[in-house]
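Structural overview
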Amino acid sequence: MTAPALELGDIQSGVLRPRPTPFAATYIILRIDDRNAGRELMRLLSTVVASAAHPASPSEDTWVSAALSFQGLKALGVPQASLDSFSPQFQQGMAARAKVLGDFGESSPEKWEKPLGSADVHLVLTAISPDAEHLESAIERARKAYRQLSGVTAIWRQDCNVLPGGKEPFGFKDGISHPAIEGSGIPGSNSRERPLKAGEFVLGYPDEISDEPRIPQPEILGRNGSYVAFRKLHQRVAMFRHYLKANAPDSQAEELLAAKMMGRWRSGAPLASCPMHDDPVVGIDPRRNNDFLFKADDPIGYKTPPGSHIRRMNPRDADVAGMVRIHRMIRRGTSYGPALPEGVLEDDGIDRGLMFAFIGANLGRQFEFVQSEWMNDSTFFGVTSEKDPVAGAGDGTGKFDVPRRPVRIATAGIASIRRHTWRRVLLSSRPPRLAMARRSLD
Ligand code: HEM
């Protein structure tokens, strides 16, 4: 069957298109206290959000995306029958899913930064610009617009900045792997991965399981939207460096251990093609830095351990229980906070980490499954007493297994080096759609 053409003009550019590089980004959360003001805001937003068909930003130098939470839909007056048609995970919100997601202890919802995770979070705006200056002037323009609307209040802002070399706070190059999506015309980053059905990411199209997956109703509201799980993850960089020092005899071995944990060298070069030494030229080459599978070349994981972050998060063609293709997500990570200077081993108390958006059409079998089964389950990949060494909810017990001939080595388990300060499930639906839905729902 030929894939149906995607209605790109009704899909947010931020859902399908990778971001410009370099870039600065800001997340702003708004609370809607007045339904009419909220609806007027939706109308205004429809003029600034770029669509996937016209990726040039209407505001020229800044790309804006918008996502509504379940509480946000309620604040806009979406009727109950429609609210009930959204996925249960979305309706409950991420705080209520803490047990499934492994958010406990320091990462438990009561410890999340306020107002994150609360019922006040209605609308999340993401603004992206090539640099902080352009971003600030665009935000000022937006601020003027929503300040005129009494009844809509900005309650939180997080500025993000890409660290030098496009690296995240642990020092790894980020933003490499993106799935190819059938009918989007936007290439994926791995030529060996068959494009995924569009319905895996955008509501209203056939997905990998069904030709007609259920979508929120009425169709005019659900179609062409996506679910987004936002997470703010604090990273304990000093602890990560200590772990490497404590478990490797010298700096070369530290780098190898770091690469085994991630599945990539810090340059971005994959262990799959550079198993023994880093190759920074491969790391920055988009034709080579994601062009690999696991099954034929490395079934045991001598190069890329089964427990490493990228192999857990996307086992590609490796033998794992279930179908990998129904658990894929679009992932956008943006660093916040300054880098911890090279060589510093003491925590300086400054908050730094990643703001994430995980985009997909099925929260249960994509974000939640990956987070609970592949990230935090010890036995999924045939390894025991392990969680994802980079992003899992480890407590320092357990171990990290590195298959090696003649015998595998196991380093000590690592306590969680990330702390969830916030995550919340949101629906992103392109504002023009919502404005139309408003009329049809009245
Ligand atoms: C602080 C926590 C985290 C850090 C530092 C981190 C870092 C990274 C890095 C450096 C990459 C490789 C770059 C790339 O492929 O674009 C990566 C890939 C990825 N991460 Fe994370 N990550 C974190 C948390 C998460 C979480 C919570 C999830 C999902 C629940 C996740 C899902 C993924 C996925 C799906 C990939 C792409 C794998 C592939 O296709 O090869 N990550 N991460």
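Everything here concerns the structure above.
Since the model is a prediction, treat every value here as computed from it, not as a measurement.

With that settled, the discussion passes to helix H7 (residues 132–147). Across its 16 residues, H7 extends 22 Å between first and last C-alpha, which sits within 8% of the 22 Å expected from 1.5 Å per residue. Taken together, the buried positions of H7 are occupied by Leu135, Ala138, Ile139, Arg143 and Tyr146. Seen along its axis, H7 keeps its buried residues to an arc of 150°; they face one direction. In H7, the exposed residues that point more than 90 degrees away from the buried face are Glu133 and Lys144.

Bringing the coordination of the iron atom of the ligand into the picture now. There is one protein donor for the iron atom of the ligand, namely His309 (NE2), at 2.1 Å. Locating histidine 309 in the fold gives a position in helix H12 (residues 309–313).

Pairs can form between side chains of opposite charge once their charged atoms are near each other. Applying the stated criterion to the full structure yields 25 salt bridges. Here aspartate 159 and arginine 157 are joined by a salt bridge, their closest N and O atoms 2.8 Å apart. We note a salt bridge from arginine 325 to glutamate 208, for which the minimum N-O separation is 3.1 Å. On the criterion of sequence distance, the pair formed by arginine 325 in the loop between H12 and strand E6 (330–336) and glutamate 208 in the loop between strand E4 (152–161) and helix H8 (219–222) is long-range, its members being 117 residues apart. Neither residue differs from the other here; arginine 325 and glutamate 208 are each classed as buried. The network of salt bridges with common partners includes Glu113, Lys232 and Asp351.

Take the side chain of glutamine 366 next. Along the polypeptide, glutamine 366 turns up in helix H13 (residues 364–375). For glutamine 366, the side chain forms a polar contact with the main-chain oxygen of arginine 328, separated by 3.3 Å. Residues in contact with glutamine 366, not counting those within four places in the same chain, are Glu200, Ile326, His327, Arg328, Met329, Gly360 and Ala361.

With that out of the way, let us pick up the site of the ligand. Near the ligand lie 28 residues; those nearest to it are Ile176, Ser177, His309, Arg316 and Arg331. Glycine 175 places a main-chain nitrogen or oxygen 3.3 Å from an oxygen atom of the ligand. Within the side chain of serine 177, an N or O atom sits 2.6 Å from an oxygen atom of the ligand. Only strand E5 (226–235), H12, strand E7 (353–360) and H13 provide two or more residues apiece to the shell around the ligand. Considered class by class, the residues forming the shell around the ligand number 15 nonpolar, six polar and seven charged.

What follows covers the packing of aromatic side chains. With the rule as written, the count across this model stands at 10 aromatic pairs. An angle of 20° between the planes, with centres 5.0 Å apart, marks the rings of phenylalanine 356 and phenylalanine 358 as stacked. The same class applies to phenylalanine 356 and to phenylalanine 358, which are both buried. Ring pairs connect the aromatic residues Phe70, Phe86, Phe90 and Tyr227, which therefore count as one cluster. The aromatic ring of tyrosine 205 is capped on one face by arginine 223, whose charged end is 4.7 Å from the ring centroid. Sitting over the ring of phenylalanine 294, arginine 311 keeps its end group 4.4 Å from the ring centre.

Examined against the element boundaries, arginine 316 turns out to sit in the loop between H12 and E6. Although arginine 316 lies buried, it forms no salt bridge, and the closest oppositely charged side chain, glutamate 193, sits 7.1 Å away as judged by the N-O distance. A polar side-chain atom of arginine 316 sits 2.7 Å from a polar atom in the side chain of asparagine 290. Beyond its immediate stretch of four places on either side in the chain, arginine 316 contacts Ser177, Asn190, Arg264, Asn290, Phe292, Leu293, Phe294 and Val324.

Inspection of the secondary structure puts methionine 261 in helix H10 (residues 251–262). Look at methionine 261 and you get buried, because its relative accessible area is 0%. Measuring from C-alpha to C-alpha, the distance between methionine 261 and histidine 309 comes to 6.2 Å, with 48 residues separating the pair along the chain.

Moving on to the environment of alanine 98. Position of alanine 98 among the secondary structure elements: in helix H6 (residues 98–101). Using a relative accessible area of 9% as the deciding quantity, one classes alanine 98 as buried. C-alpha of alanine 98 to C-alpha of proline 109: the two residues are 11 residues apart in sequence and 7.1 Å apart in space. The contact partners of alanine 98, leaving out residues within four places of it in the chain, are Asp103 and Pro109.

For helix H2 (residues 35–45), every residue scored as buried is listed here: Ala37, Gly38, Arg39, Leu41, Met42 and Leu45. The N-capping residue of H2, defined by a side-chain oxygen 3.1 Å from the backbone nitrogen of asparagine 36, is aspartate 34.

In this section: unusual backbone geometry. Cis geometry is adopted by the peptide bond preceding proline 115, which originates at lysine 114 and carries an omega value of 5°. Relative to the assigned elements, proline 115 resides in the loop between H6 and strand E3 (123–129). One non-glycine residue, asparagine 224, lies in positive phi territory at about 75°. Here asparagine 224 shows up in the loop between H8 and E5. Phi is positive for arginine 316, close to 50°, though the residue is something other than glycine. For arginine 316, a relative accessible area of 12% translates into the label buried.

Rules behind the numbers
Residues numbered from 1 in each chain as written. Predicted model: local features only at pLDDT ≥ 70, side-chain atom pairs only at ≥ 80, totals over all residues. Heavy atoms only, no water. Helix = DSSP H or I, 4+ residues; strand = E, 2+ residues; numbered from the N terminus. Expected span 1.5 Å × (residues − 1). Buried < 20%, exposed > 50% of the residue type's maximum accessible area, 1.4 Å probe, protein only. Arc of directions from axis to C-beta. Donors = N, O, S within 2.8 Å, 3.2 Å for Na, K, Ca; no water. Salt bridge = Lys/Arg side-chain N within 4 Å of Asp/Glu carboxyl O. Polar contact = N/O pair within 3.5 Å; in protein donor to acceptor, adjacent residues only side chain to side chain. Contact = heavy atoms within 4.5 Å. Near = heavy atom within 4 Å. Nonpolar A, V, L, I, M, F, W, Y, C, P; charged D, E, K, R; others polar. Phe/Tyr/Trp six-rings, centres within 6.5 Å; stacked < 30°, edge-to-face > 60°. Lys NZ or Arg CZ within 6 Å of the ring centre and 35° of its normal. Lys, Arg positive; Asp, Glu negative; His and termini not counted.

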